[in-house]
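# Coordinates in review
Residue-level listing of the chains:
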Amino acid sequence: MEGIEDDVGHVPLLEAEEEEEEGRRPLRLRGSYLGIFGSTVFLVSMAALIIYQGHDYYDEAKIENKGNNNNNYNKVPRGVAEGVSAKSNSFLSETTPYNWTNAMLSWQRTAFHFQPERNWMNDPNGPLFHKGWYHLFYQYNPFSAVWGNITWGHAVSRDLIHWLYLPEAIVRDMWFDINGAWSGSATLLPGGEIVMLYTGYTHQQVQVQNLAYPADASDPLLLNWVKYAKNPVMVPPPGIGPNDFRDPTTAWFGPDNKWTLTLGSMLNDSGLSLVYKTTDFINYELNDHFLHVVPGTGMWECVDFYPVSINGSVGLDTSANGPGVKHVLKASLDDTKLDYYAIGTYFIENDTWIPDDPDLDVGIGLRLDYGKYYASKSFYDQNKQRRVLWGWINESDSEVADITKGWASLQTIPRTVLYDKKTGTNLLQWPVEEIESLRLSSHEFKELLVKPGTVVPLHIGPATQLDIIAEFEIELLGSEGIVNNVEGCGVGAVERSAFGPFGILAIANDQLSELTPIYFRLSNYGNGTSTTTTTTTTSTSFCVDETRSSKAPDVSKQVFGSKVPVLNDEKLSLRVLVDHSIIESFAQGGRTVISSRVYPTEAIYGAARLFLFNNATDINIKASLKIWQLNSAFIRPFPFHDTQ
Amino acid sequence: MANLKTTTTLFFVLFLIAMTSLPSITLCDENLIESTCRKTPNFNLCVQSLKAFPGSASADVRGLGLIMVKVMQSKANDAINKIRELQRSGPSPALTSCASKYNAIVVGDIPEANEAFSKGMPKFAENGANDAANEATFCENGFNGRSPLTQQNNAMRDVAAITAAIARQLL
């Protein structure tokens, strides 16, 4: 390479090539081509990589598992009525066109469950008792049978059953709620004042908490409400998203002489509850730690937090505390549309709460209701010293049906809530006793024998408005020592096993072409089975099977249920409220509750029947029942024109 | 010799350009439309539908949801127009049933989804979009396999499914 040192300005590589040119032409040529080839390969492969990355890798399984409760894609196989074998048949492939008649749609409207005269309803809001009246507010769309234009509907009742509609209480007319007057709760102050805190969605699309109070607290009907002029009183704190801040609870008064309340939020898919303190309901301080947080549960909506007496006999004011008191924390999970609760201990010193059993924490343990149920809210009824729980029951049919029939959604019959001192793990929910005022005639059946694989009709007259209380005794057939080991609800009532299913068939027709089984299924039946020394644990499941509730293909038909604790000295018992298109089922005094929507096409009006059934293979059932016809509650507008 | 030298230089320079711009080629193209559409059942349809709307490039996820609702509206209109056309030449129960289903989509599902996206309540947008997909499927099923609306029903269903998936991302 003589002379290269002289060429200061040249690029050495090229210079070297130039120098090499004469001596090694063939090699240089091949080297150069290699360079070109290599670059081309590299560029082409990069291009291919870029194009490949644009390919869709949508993870179907992950999204489907998130489970939208409104998803009508029924994946549960349905079986033949005789219960031989289940056949798998997604209802989407059914080819009969389906037409709802006015008769079918009109029948769906309930007789004694709260629902507005028309249009859409969702979350119950601000329930309270004041000057002789129970008040219910609710998310309401005044214009359509689908969600939208949300305002606060309002109704009053003397007895939680007979409701009278009042004008809307809160409308969206201020910048701090112009985009939504959403859910909230009432706090009753010792002096008789009522404060209402509710979530507003502002003109800038931020969720905030607003204060409202009755225009005239001496008005028993609380017709008019005033919004605090300097709303909002709480805005999303740093670190909390503007769409993750809603549904404030009733406040409780503590030894620090402050009112404390909580509301749900989330951080990185962990559901949590923020804590605020106030003395005047206008100025609030945020606690630096959460009341509680559970990873992986997503946004917590409609948080509810209240004390229960471990003695289990009366409800407690929201401010109650002390020995003999546990606290319930409940959240509605936005991701799965399910309501979860957990019982635990409230550490009032630092406003934190921990569950009694971390495996049954909020969002991963027990549910208030295993059916179609969401956005529940409780309040302390100082009139009768009980804690009363409301829950929103959405429709499971299609929106075209909702629009045609002109309404959507119900509230449950209000339920009392007590701590179950026998198990220590569950709450007990039970319809408020005032429902008994609707009872008309009754029928009683004692120890009706139902053999395996049989159906026994119950002749009670009309079967669409009923209060059913039943007890079941099991009679083991054949030899002992059957080990069954089935758990859960199975694919429905068609799936037979040794010790279940058995129960009742509600909203059924004579031909049993439409029916809704409500049943128990035992995993084992310990009768001192002695072949092994290992304990045969019996688990009992309580279930509602909607899969044959209707022939219509465009309604959701699922099997709902859960295990229910049954103590040794207890008989299996259930209570069922049947009210047209809603069935509320309670097992073991309310340890497990299932709300269900049914939309039959044939088992309606006079064609609806009630049956007992036993689809187990190895047991007889003896059922004792008392069944009442229930009257309508005649829910209607408040009779302002009548003289009081 | 000079030719080969310049060609080699050219390739080398291209190579360098590729190396330095590679990160931006793979990452910058990963814009919000594409990352959102990845999490829907139909990436290509999602991207194509969104990119056809002005303003989609600068929209947030909620804005993309609102655009998809507009796309749903347009597919619903297509179906309704087709139904009317078919009804002129021969009404049938299946067509009448479809008409009422698409009416529900236009009167119920679409306004619900629109308001839900605008007002930050995406769960109701998911409900409305899922219902619209169902209504289209029921309309299709009503023809016992000989549907004259397959193209419109499929379009409606696919677009609604994408909209529901976008709503879910906002939960």
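Computed from a predicted structure; not experimentally measured. (Residues numbered from 1 in each chain as written. Chains lettered and ligands numbered in written order. Predicted model: local features only at pLDDT ≥ 70, side-chain atom pairs only at ≥ 80, totals over all residues. Heavy atoms only, no water.)

### Quick word on the sheet that holds strand E7 (residues 181-188) of chain A
Residues and elements named next belong to chain A. Our working rule: Whether two strands pair depends on DSSP finding at least two bridges between them. Numbering of helices and strands runs from the N terminus, with a helix taken as a DSSP run of H or I at least four residues long and a strand as a DSSP run of E at least two residues long. With axes taken as lines fitted to C-alpha atoms, and helix axes fitted only over the stretch in contact, angles between N-to-C directions fall between 0 and 180 degrees.
Taken in spatial order, the four strands line up as E7-E8-E9-E10 in an open sheet, and their pairing is antiparallel. In this open sheet, the two edge strands, each paired with only one partner strand, are E7 and strand E10 (225-227). Pairwise comparison of adjacent strand axes, ignoring direction, gives a mean angle of 30 degrees for this sheet.

### Some thoughts on the state of the cysteines
All names here are of chain A. Selection rule: Any two cysteine sulfur atoms within 2.5 Å of one another count as a disulfide. Exposure classes here rest on a 1.4 Å probe applied to the protein chains alone. A residue is buried below 20% of its type maximum, exposed above 50%, and partly exposed in between.
Using the criterion set out here, one finds three disulfides over all chains in the structure. The partner cysteine of Cys489 in its disulfide is Cys543, sulfur to sulfur 2.1 Å. Measuring handedness by torsion sign, the sulfur bridge of Cys489 and Cys543 sits at about -90 degrees and is left-handed. On the criterion of sequence distance, the pair formed by Cys489 in the loop between strand E29 (465-476) and strand E30 (502-508) and Cys543 in strand E32 (residues 540-545) is long-range, its members being 54 residues apart. For the pair Cys489 and Cys543, one class covers both residues: buried.

### Considerations on the side chain of Asn287 of chain A
Residues and elements named next belong to chain A. Our working rule: Counting of polar contacts relies on pairs of N or O atoms within 3.5 Å, with two restrictions inside protein: one atom must be capable of donating a hydrogen and the other of accepting it, and residues adjacent in sequence are counted only when both atoms are side-chain atoms. Contacts: residue pairs with any heavy atoms within 4.5 Å of one another.
Inspection of the secondary structure puts Asn287 in the loop between strand E14 (284-286) and strand E15 (292-294). We classify Asn287 as buried; its relative accessible area is 17%. At 3.2 Å, the side chain of Asn287 forms a polar contact with the side chain of Asp351. When near neighbours in sequence (up to four residues on either side) are disregarded, Asn287 contacts Val275, Lys277, Asn350 and Asp351.

### What to know about unusual backbone geometry
All names here are of chain A. For the peptide bond that leads from Asn231 to Pro232, omega is 0 degrees, which places it in the cis range. Note that Pro232 resides in the loop between E10 and strand E11 (252-253). With omega at 5 degrees, the peptide bond leading from Gly500 into Pro501 counts as cis. With respect to the secondary-structure elements, Pro501 resides in the loop between E29 and E30. Unusually for a residue other than glycine, Lys131 sits at a positive phi of about 45 degrees. As for its placement among the helices and strands, Lys131 is situated in the loop between strand E3 (119-130) and strand E4 (133-141).

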